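# An overview of the molecular structure
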Amino acid sequence: MSGSAEMLRSVDVRVEAGGQVLIEHLDCSFEASHCWVVIGRNGAGKSTLLRTLAGLRPPAFGHIELDGRSLIDWPLTALARQRAFLAQGRHDTFAYRVIDTVLSARHPFQEASGYWESKADLQTAHETLQALDVMHLAQRDIRTLSGGERQRVAIATTLAQETPLLLLDEPATALDLGHQWSVMRLLGGLCREQKKTVIMVSHDLNLAQGIASHALLLMGDGSWLAGPAAEVLQASLLSQCLGHPIECVQHAGRTLFLARQDC
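Conventions adopted
- Residues numbered from 1 in each chain as written.
- Predicted model: local features only at pLDDT ≥ 70, side-chain atom pairs only at ≥ 80, totals over all residues.
- Heavy atoms only, no water.
- Pairing = 2+ DSSP bridges.
- Helix = DSSP H or I, 4+ residues; strand = E, 2+ residues; numbered from the N terminus.
- Axes fitted to C-alpha atoms, helices over the stretch in contact; angles between N-to-C directions.
- Contact = heavy atoms within 4.5 Å.
- Phe/Tyr/Trp six-rings, centres within 6.5 Å; stacked < 30°, edge-to-face > 60°.
- Buried < 20%, exposed > 50% of the residue type's maximum accessible area, 1.4 Å probe, protein only.
- Lys NZ or Arg CZ within 6 Å of the ring centre and 35° of its normal.

This paragraph deals with the sheet that holds strand β6 (residues 83-86). Read across the sheet, six strands follow the order β6-β7-β8-β3-β9-β10 without closing on themselves; strand pairing throughout is mixed. Each end of this open sheet is capped by a strand with a single partner; those strands are β6 and β10 (224-228). Here the strands of the sheet are splayed against their neighbours by 15° on average, with no regard to which way each runs. The pairing of strand β9 (residues 214-218) with β10 spans five bridges and is antiparallel. Its bridge partner being in β10, Leu 218 is matched across the sheet by Trp 224. In this fold helix α1 (residues 46-53) packs onto β3 (35-40), β6, β7 (165-169), β8 (197-201) and β9, with an angle of close to 155° to the strand it touches most, β7. Packing against the sheet, helix α9 (residues 235-242) makes contact with β3, β9 and β10, and its axis sits at approximately 50° to β3.

Next comes the structure, spelled out in structure tokens:
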């Protein structure tokens, strides 16, 4: 990274899908050490935006800069060393071992070794498997895992890419309660201790706000609201964003968001 704290920036970005404008005039700066949560209703453009920020689809208008350089100017290998992307769903066709699946994330770093994994690659893979509590599955066929186990392996694979920018689409999906919180704590620690930038989509307000430093609300009509989590994650704004009344409850020093049931 350069001397600037800014990791990723969207400049007047418009996101479209199926001929519909989902997000208009998005100007947003995502800085090192920040953990962003993207919130919105179904169809508001959360996953489409994440793919656009990852460089997997072009914006309809505007451009995106990664570390001060236009995203389209990054060579693919160099880009893969800077940002990692976790998709919402996946389908495993071949009988790869879990360890081989995680090692695939090391490919952008293996040019010097003739695309064979090194001891450092294996160590990184083992460390991420341990961090996600799936080291005991290392020799298992990826197709034999439960949904939650497969999700944790997917997160381990994403982290094994060792990029400063992480783009995660619903990382806690399919996870049990304990692993949901352990994954959130892990992501929060990466931002604080390694100065990584995390941008994640989440439908769980309480889970996300536990680690989010910033929030981006997609209002569903092309408009958006972004800023520090303490300012953006307000009941009135969330109610407007999600199309359902939200109320805040204080409990044990925490703010909890609840959907009102009397409407």
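There is more to say after this.
As summarised here, the arrangement of the four strands in space is β2-β1-β4-β5, forming an open sheet in which the pairing is antiparallel. One side of each edge strand has no neighbouring strand; the edge strands of this open sheet are β2 (20-31) and β5 (69-70).

This next bit is on the packing of aromatic side chains. For the structure on display, the rule yields two aromatic pairs. Judged by centre distance (4.8 Å) and plane angle (70°), the ring pair of Phe 30 and Trp 36 falls under edge-to-face. In terms of burial, Phe 30 and Trp 36 fall into one category: buried. Directly above the ring of Trp 74 sits Arg 69, whose terminal nitrogen or CZ lies 4.9 Å from the centroid.

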